[in-house]
Amino acid sequence: MTQTYSNLNIDDRGVARLTLNRPEVHNAFDDSLIAELNEHLAKLHDAARHGEVRVVVLGSEGKSFSAGADLNWMKRMVEYDFEGNLADSRKLSQLMHGLDSLPCPTVCRVQGAAFGGAVGLAACCDVVIASEKAKFCLSEVKIGLSPAVISPYVQRALGSRQMRRYALTAEVIDADKALELGLAHQIVGHDHIDEAVSEMIETLLAGSPQAQRATKSLLAEVARDADSKATREHTCRVISELRVSAEGQEGLTSFFEKRRPAWADDNTNSSERRS
């Protein structure tokens, strides 16, 4: 049987849990894990576009979220020529972009250390919920490297000024500082992280699936070019399309009728079927 380093499970509400499962090496990632995650993300992109997946939770088993690059993988990199390293880096870039561009809300569950590329994984998610024991570190410069591939996503989270400091110093960022910097959205007691993730899932499931997909796509467009004529026209078209759509009409009607929208009732019924 082929060994796997990650798991993907989707429940009947459309909540997908993508889990790194290499606790014996602190969920460090190598080329095999990256390839697995890229395969999972391709499936999730397709499922999310068709409304079969509503929320993706990225997490890991064990004490650490992820220690970054696997030591044995790094040893192999020393033997790679430029083209070999370039091919390797492009696969990691595919992973970051795939996670960042998933057409549904994403939640990152950080229970412990997130070092190196793992900071990029967190920065690519829409919501980061971290344990009080979580620590983040852009550690690459300490071994003569750079957080290059993850830099667009981490800099977007931190802002360019803070990115300069933490990418150049490789200082460890504790949970409270991560919250202050905007790298994490919520810090909770270590024993309450799963409860907090579950509450966030319920919050996200209360939103319109179509509206969430459209909003995520819209925000990516706005971030690229915030105030151009084309962007302004695009924002007008998005809201107009949503207003006349079936989900938009249901959302507005249910609001005025003071009842739950159909998609929220669907999730309630799914929960009742599971219990």
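Anything mentioned here points back to the structure above.
Structural notes, computed from the coordinates. Being a predicted model, the structure only gives us computed values, none of them experimental.

### Looking at the packing of aromatic side chains
In the structure shown here, the tally under the stated rule is one aromatic pair. Ring geometry for Phe255 versus Phe256: centroids 5.3 Å apart, planes at 70°, classification edge-to-face. Note that Arg22 overlies the ring of Tyr5, its terminal NZ or CZ placed 4.7 Å from the centroid.

### A word on the pattern of salt bridges
On inspection of all chains with the given rule, the structure shows 15 salt bridges. Between Arg49 and Asp46 there is a salt bridge, with its nearest N and O atoms 3.9 Å apart. One end of the pair is Arg49 and the other is Asp46, both in helix H1 (residues 31–49) and three residues apart, which spans about a single turn. You can call Arg49 exposed: its relative accessible area is 51%. You can call Asp46 partly exposed: its relative accessible area is 38%. A network of salt bridges, in which partner residues are shared, links Asp11, Arg13 and Glu202.

### Considering the side chain of Ser66
The residue Ser66 is located in the loop between strand E3 (55–60) and helix H2 (71–79) in this model. Within the local environment of Ser66, its side chain forms a polar contact with the backbone nitrogen of Gly68, the two atoms lying 3.2 Å apart. Apart from residues no more than four positions distant in its own chain, Ser66 is found in contact with Leu20, His26, Asn27, Ala28, Phe29, Ala113, Ala114, Phe115 and Ala118.

### A few points about a nonpolar patch on the surface
Taken together, Leu252, Phe255 and Phe256 make up a surface patch of nonpolar side chains, about 390 Å² in accessible area. Within the element layout of this structure, Phe255 appears in helix H11 (residues 246–256). Since its relative accessible area comes to 62%, Phe255 is described here as exposed.

### Focus: the pairing of strand E6 (residues 127–131)
Counting buried residues along E6, five of its five residues qualify, which places the element largely inside the surrounding structure. Bridge count for strand E4 (residues 106–110) against E6 is four bridges, and the pairing is parallel. For Arg109, the partnering residue across the bridge sits in E6 and is Ile129. Both E6 and strand E9 (residues 186–188) contribute to a ladder of three bridges, which runs parallel. Note on E9: the bridge partner recorded for Ile129 is Gln186.

The rules we used
Residues numbered from 1 in each chain as written. Predicted model: local features only at pLDDT ≥ 70, side-chain atom pairs only at ≥ 80, totals over all residues. Heavy atoms only, no water. Phe/Tyr/Trp six-rings, centres within 6.5 Å; stacked < 30°, edge-to-face > 60°. Lys NZ or Arg CZ within 6 Å of the ring centre and 35° of its normal. Salt bridge = Lys/Arg side-chain N within 4 Å of Asp/Glu carboxyl O. Helix = DSSP H or I, 4+ residues; strand = E, 2+ residues; numbered from the N terminus. Buried < 20%, exposed > 50% of the residue type's maximum accessible area, 1.4 Å probe, protein only. Polar contact = N/O pair within 3.5 Å; in protein donor to acceptor, adjacent residues only side chain to side chain. Contact = heavy atoms within 4.5 Å. Patch = residues over 30% accessible without salt bridge, like charges linked within 9 Å, V, L, I, M, F, W, Y side chains within 5 Å. Areas by Shrake-Rupley, 256 points an atom, 1.4 Å probe, with all protein chains shown as cover. Pairing = 2+ DSSP bridges.

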